[in-house]
Amino acid sequence: MTMTQDNNRGLTVAGNFLAAGSSFLTNLPLNNVPGCYDMINVASATLKPNAQLEFDFSPLNINIPMVKEVRLKKKMKVLLTIGGKNGYFNFLNGSDKVTNFYNSLKDLYI
């Protein structure tokens with residue numbers, strides 16, 4: 001957990017949430033994160049072979065609908081890392097995969 005001071009907003013409380021479950025929020029579904037947090041750093045999404053986002057480590061604790069719920073209903077900012085320890089981005093060899101990747105991000109954040 002980190003706290004930062006912004007003169008325009010006041011105090012911001014941020015926490016790290018790892019899809020693998022080795023964080024301060026161990027075995028807690030993302031949509032049950034306490035309301036005191038303003039920002040959640042989510043690590044890490046992976047990519048399906050077609051370059052769409054997924055969370056394959058612990059899908060019961062984190063998934064795309066949960067990220068959307070936290071963002072929209074709880075009004076928390078969600079920062080997302082993609083790739084993780086063994087992630088790679090070799091999907092840029094086809095426009096269909098680039099489009100899939102963009103659309104999965106767009107679906108998550110818009």
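**A look at the overall build of the protein chain**
Per the secondary structure count, the protein chain includes two helices and five strands. Reading the helices (α) and strands (β) of the protein chain from amino to carboxyl end gives β-β-β-β-α-β-α. The proportion of buried residues among the 110 residues of the protein chain is 36%. Here the contacts in the protein chain between residues at least 6 apart in sequence split such that 60% fall between residues at least 24 apart.

**Some thoughts on the packing of helix α1 (residues 64–72) against helix α2 (residues 95–109)**
Each pair of packed helices gets described by two things: the angle between the helix axes and the distance between those axes. Contact geometry of α1 with α2 gives a least axis separation of 8 Å together with a crossing angle of 40°. Here α1 lies oblique to α2, going by the angle between them. Of the residues in α2, those touching α1 at Ile64, Val67, Lys68 and Arg71 are Asp107, Leu108 and Tyr109.

**Structural notes on the confidence of the model for the protein chain**
Across the protein chain, pLDDT averages 76, with 69% of residues at or above 70. Element-level pLDDT for the protein chain is lowest in strand β1 (residues 2–6), with a mean of 54, against a maximum mean of 89 in α1.

**Considering α2**
Along its 15 residues, α2 runs 21 Å from first to last C-alpha, staying within 8% of the 21 Å computed at 1.5 Å per residue. Buried within α2 we find Phe101, Ser104 and Leu108. Seen along its axis, α2 keeps its buried residues to an arc of 65°; they face one direction. Projecting away from the buried face of α2 at angles above 90 degrees are the exposed residues Ser95 and Tyr102. Structurally, α2 contributes buried residues whose contacts are with β3 (39–47), β4 (53–54), α1 and β5 (77–82).

**Observations regarding the pairing of β3**
Sheet analysis places β3 next to β5, joined by five bridges and oriented parallel. Residue pairing for β5: alanine 45 is matched across the bridge by isoleucine 82. Pairing of β3 with β4, which is carried by two bridges, proceeds in the antiparallel orientation. Counted as the bridge partner of leucine 47 is leucine 53 from β4. Linkage of β3 to β4, two consecutive antiparallel strands, is achieved through a turn of five residues, within which alanine 51 is found at a positive phi near 75°.

**Looking at unusual backbone geometry**
Backbone geometry at alanine 51 places phi at a positive 75°, although glycine is not the residue there. As for its placement among the helices and strands, alanine 51 is situated in the loop between β3 and β4. In this structure alanine 51 comes out as buried when scored by relative accessible area, which is 0%. Phi at lysine 75 takes a positive value of approximately 60°, unusual for a residue other than glycine.

Conventions used here
- Residues numbered from 1 in each chain as written.
- Predicted model: local features only at pLDDT ≥ 70, side-chain atom pairs only at ≥ 80, totals over all residues.
- Heavy atoms only, no water.
- Helix = DSSP H or I, 4+ residues; strand = E, 2+ residues; numbered from the N terminus.
- Buried < 20%, exposed > 50% of the residue type's maximum accessible area, 1.4 Å probe, protein only.
- Contact = heavy atoms within 4.5 Å.
- Axes fitted to C-alpha atoms, helices over the stretch in contact; angles between N-to-C directions.
- Parallel < 35°, antiparallel > 145°, perpendicular 65-115°, else oblique.
- pLDDT = per-residue confidence, 0-100.
- Expected span 1.5 Å × (residues − 1).
- Arc of directions from axis to C-beta.
- Pairing = 2+ DSSP bridges.

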